[in-house]
Amino acid sequence: MIYQVENLTVRVNDNGGKPLVNNVSFSIGSGEIVALVGASGSGKTTTALAGLGLLADGLIVASGRVLFEGDDLLKIPPVQLRRFRGRRIAVVFQEPLYAFDPLFTIGAQIDEVLEVHFGAHAAERKDKALALLKRCGIEEAERVYRSYPHQLSGGLRQRAMIAQALAGEPKLIIADEPTSSIDVTLQAKVLELFQQLRKELNLSILLITHDLGLVRHLADRVVVLRQGEIVEQGRVGHVLTAPRHVYTQQLMAAGG
Amino acid sequence: MKDYHKSEFQIALGSFLRNRAAVVCLWVLGLLYAGAIFADFLAPYSYQNEDRDYSYCEPTRVHVRDEEGRWQRPFVYGMTVSFDQYHKRVYQEDRARKYPVEFFVQGDEYRPLGLLSSKLRLFGVAPEGRIHVLGADSRGRDLFSRILYGGRISLSIGLLGVAISFSIGLLVGGIAGYYGGRVDNILMRVCEMFMMVPGFYLLLALRSVVPANFNSMQVYISIVVILSFIGWAGLARIIRGMCLSLREREFVLAAKSMGVSDLGIIVKHVLPHTISYSIIAVMLSIPGYILAESALSLIGLGIQDPYASWGNLLSEAMGILQIQFAPWILIPGLFILVTVMCFNVIGDCLRDVLDPKIKKL
Ligand SMILES: Nc1ncnc2c1ncn2[C@@H]1O[C@H](COP(=O)(O)OP(=O)(O)OP(=O)(O)O)[C@@H](O)[C@H]1O
Ligand SMILES: [Mg+2]
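Residues numbered from 1 in each chain as written. Chains lettered and ligands numbered in written order. Predicted model: local features only at pLDDT ≥ 70, side-chain atom pairs only at ≥ 80, totals over all residues. Heavy atoms only, no water.

1. Focus: the overall build of chain B
Counting its secondary structure elements, chain B contains 14 helices and 5 strands. Classification of the 361 residues of chain B by burial places 42% in the buried group. A separation threshold of at least 6 residues defines the contact pool for chain B, and within that pool the share at least 24 residues apart is 68%. (Helix = DSSP H or I, 4+ residues; strand = E, 2+ residues; numbered from the N terminus. Buried < 20%, exposed > 50% of the residue type's maximum accessible area, 1.4 Å probe, protein only. Contact = heavy atoms within 4.5 Å.)

So this is what it looks like as structure tokens:
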């Protein structure tokens, strides 16, 4: 197991109310794709980002452990945790138009990640960045490298975002609704890309989504969250063909 | 492929250039700065060249016709001084002494950048005569030359002061806004302490701390430092406000998730987004520095004679008699006025152009 979440509880700092994430446990094996599904507001993003120390202000981890290759990320001091971010675990955000800084080119932002984690000469980094863009299925890598985020189509932007996530050579990618901002035909292509990357790089992926069709195509296992609690988890085949929980059935009925 | 960014910039530039007043002001400022930079060449005299015989001499008249009305190349007469019954100096042109105005003449020596030595000056008259296009001061120094040299101090103090206080303001505001919480609280209380004290008293208090035996360069630097010391707080507060909202943007979270350091995020992904505001604020705050320097120099706490700044040139005009008999010594004030006005007009125009939100209000 490369990534294990154990009894994770996240709550709002100053009130004793119901936790946003309550006693959640699941794990991801090396090269495995695990889907985290649930309705909007069910705590998917919170669960995924807690380990990286990226919770919004005012949210705290009340208890639990998040293990990455055996290290408890919640116990690592912030300065060292930074070396995990991007380098061991990278995040692909839902809307790359917002996740990229509008003031800088795609190239500059991939370069920044390379510089932070590997240093090296500028020319070397550029070659690497172009290779990353190509690996993510972008043919006109040079042009994309020089473009500002708003100048690209949604599909290209999403691929560039994935290229940026790969720049730190992470072992785990957290993909937070990676396809909900692009149209259906492009979605299929991005899914293919994830599958290919998993195969070639032995990447593990935590796929956050509420699209069960996506889960069926891509994921090995699925974790179903509802109001911060796990209602069901297991192999995709099992859970989606014979959902035991009403909530899962509702999700399936709603999304397909 | 559309290029919103460039076109946004081009639109801004375009509407800036369409603003007649702003463009004129830009040119005026350009001329003033050029005058200060090339003062050595443009000024007929060095800033300390004095001739007591020309004390409070009125602006020299340049003639193109001699007594008989014949056209000549431009020339000036020598001046003789006498005293009227009120002991007031009366200057009269001495028709016997004629000095043609010459161009590219050898005048007072200067050393650009402290390296080479040169005497080349744009215009001047033979050393026996004097030309004072804007009149002379109490010690018979050329006001025009001293205004050009004074511009070096008055015009650069604004830029330097703004550069320093903006660096501090951006950094403090950025850190306070980005981290929020306790850090923010402490930094903002510090800012408020600076903002609480009326600026001019703080200026005087800080100036009194500066040792009296400082040479003029040290005084100049300490004035810049003092002015920046006062100016950074207001800016820091506004930048902080902008950063508080900027840090909620998703690209900040994304940069964090990629392992970029906090300082890296502040410098690369937060502060650059305050650029429009910063440009406007820079333009609008430069006049404050220029005025503060003038005020200090005016009351004798700034740049000291024989060095010139527009403020200490004006300090000659503190007596009613001087103003009455030698009104031209008020001209440095005109330069201050024009400069301050130009910065304000440009700043206002930039605000209209760069910040659509403010315009709609
Ligand atoms: N800073 C915060 N303070 C208080 N509550 C918060 C804060 N951030 C998020 N929440 C709450 O936490 C819950 C879980 O949010 P989260 O973003 O993890 O859900 P999600 O499953 O990712 O939803 P979506 O599908 O909309 O992205 C939501 O009910 C949200 O209102
Ligand atoms: Mg979410």
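2. What to know about the sheet that holds strand β6 (residues 89-92) of chain A
As a general point, the strands of a sheet are linked pairwise by backbone hydrogen bonds and lie either parallel or antiparallel. Residues and elements named next belong to chain A. Here we have 6 strands laid out as an open sheet, ordered β6-β7-β8-β3-β9-β10, and mixed in their pairing. In this open sheet, the two edge strands, each paired with only one partner strand, are β6 and β10 (229-235). Averaged over all neighbouring strand pairs, the angle between strand axes comes to 15°, with direction disregarded. Bridge analysis of strand β3 (residues 33-37) against strand β8 (residues 204-209) gives 5 bridges, and the strand direction is parallel. Counterpart to V34 in the pairing with β8 is L206. Helix α7 (residues 154-166) rests against β6 and β7 (172-176) of the sheet, and its axis sits at about 170° to β6. (Pairing = 2+ DSSP bridges. Axes fitted to C-alpha atoms, helices over the stretch in contact; angles between N-to-C directions.)

3. So, the confidence of the model for chain A
Overall, the predicted model of chain A reaches an average pLDDT of 90, with 99% of residues at or above 70. Per-residue pLDDT, averaged within each element of chain A, yields its smallest value for helix α11 (residues 246-255) of chain A (79) and its largest for helix α4 (residues 106-118) of chain A (95). (pLDDT = per-residue confidence, 0-100.)

4. Let's talk about the interface of chain A and chain B
By a widespread convention, an interface's size corresponds to the accessible area lost as its parts come together. In this assembly, 28 residues from chain A lie in contact with 22 residues from chain B. Summing both partners gives a buried area of about 2200 Å² for chain A against chain B, and 62% of it is carried by carbon and sulfur. Across the contact surface, chain A and chain B share 2 salt bridges. Salt-bridge contacts for K268(B) lead to E112(A); the nearest nitrogen and oxygen are separated by 3.9 Å. Linking chain A to chain B there are 8 residue pairs in polar contact (both at pLDDT 80 or more). Elements with a contribution of two residues or more to the side of chain A that touches chain B: β6, α3 (96-99), α4 and α7 of chain A. Top element by residues in the side of chain A that touches chain B is α4(A). It accounts for 4 residues. The class makeup of the residues in the side of chain A that touches chain B is 15 nonpolar, 6 polar and 7 charged. (Buried area = accessible area lost by both parts, 1.4 Å probe. Salt bridge = Lys/Arg side-chain N within 4 Å of Asp/Glu carboxyl O. Polar contact = N/O pair within 3.5 Å; in protein donor to acceptor, adjacent residues only side chain to side chain. Nonpolar A, V, L, I, M, F, W, Y, C, P; charged D, E, K, R; others polar.)

5. Here's the deal with the pattern of salt bridges
This model, assessed by the stated rule, comprises 32 salt bridges over all chains. E229(A) is paired through a salt bridge with K18(A); the nearest N and O atoms lie 3.8 Å apart. With E229(A) in strand β10 and K18(A) in the loop between β1 (3-12) and β2 (21-28), the pair connects residues that are 211 residues apart, well separated along the chain. A cluster of three or more residues bridged by salt bridges with shared partners is formed by E50(B), R52(B), D137(B), R139(B), R141(B), R146(B) and D305(B).

6. A short note on the domain arrangement of chain B
Residues and elements named next belong to chain B. Its domain assignment divides chain B into domain 1 (11-19 + 145-354) and domain 2 (52-136). Every contact between the two is made by 9 residues of domain 1 and, on the other side, 9 residues of domain 2. At the boundary of domain 1 and domain 2, one finds 0 salt bridges. The interface formed by domain 1 and domain 2 includes 3 residue pairs in polar contact (both at pLDDT 80 or more). Those elements that provide at least two residues to the side of domain 1 that touches domain 2 are α4 (143-179) and α12 (320-325). (Domains from an automatic or database assignment.)

7. Quick look at the site of ligand 1
Residue and element names in this part refer to chain A. Around ligand 1 lies a shell of 14 residues, among which S40, G41, K44, T45 and T46 are the nearest. A distance of 2.8 Å separates an oxygen atom of ligand 1 from a polar atom in the side chain of K44. Considering ligand 1 on its own, with 640 Å² of exposed area, one finds that the protein chains cover 62% of that surface. Per element, the largest residue contribution to the shell around ligand 1 is 3 residues, and it comes from helix α1 (residues 44-50). (Near = heavy atom within 4 Å. Areas by Shrake-Rupley, 256 points an atom, 1.4 Å probe, with all protein chains shown as cover.)

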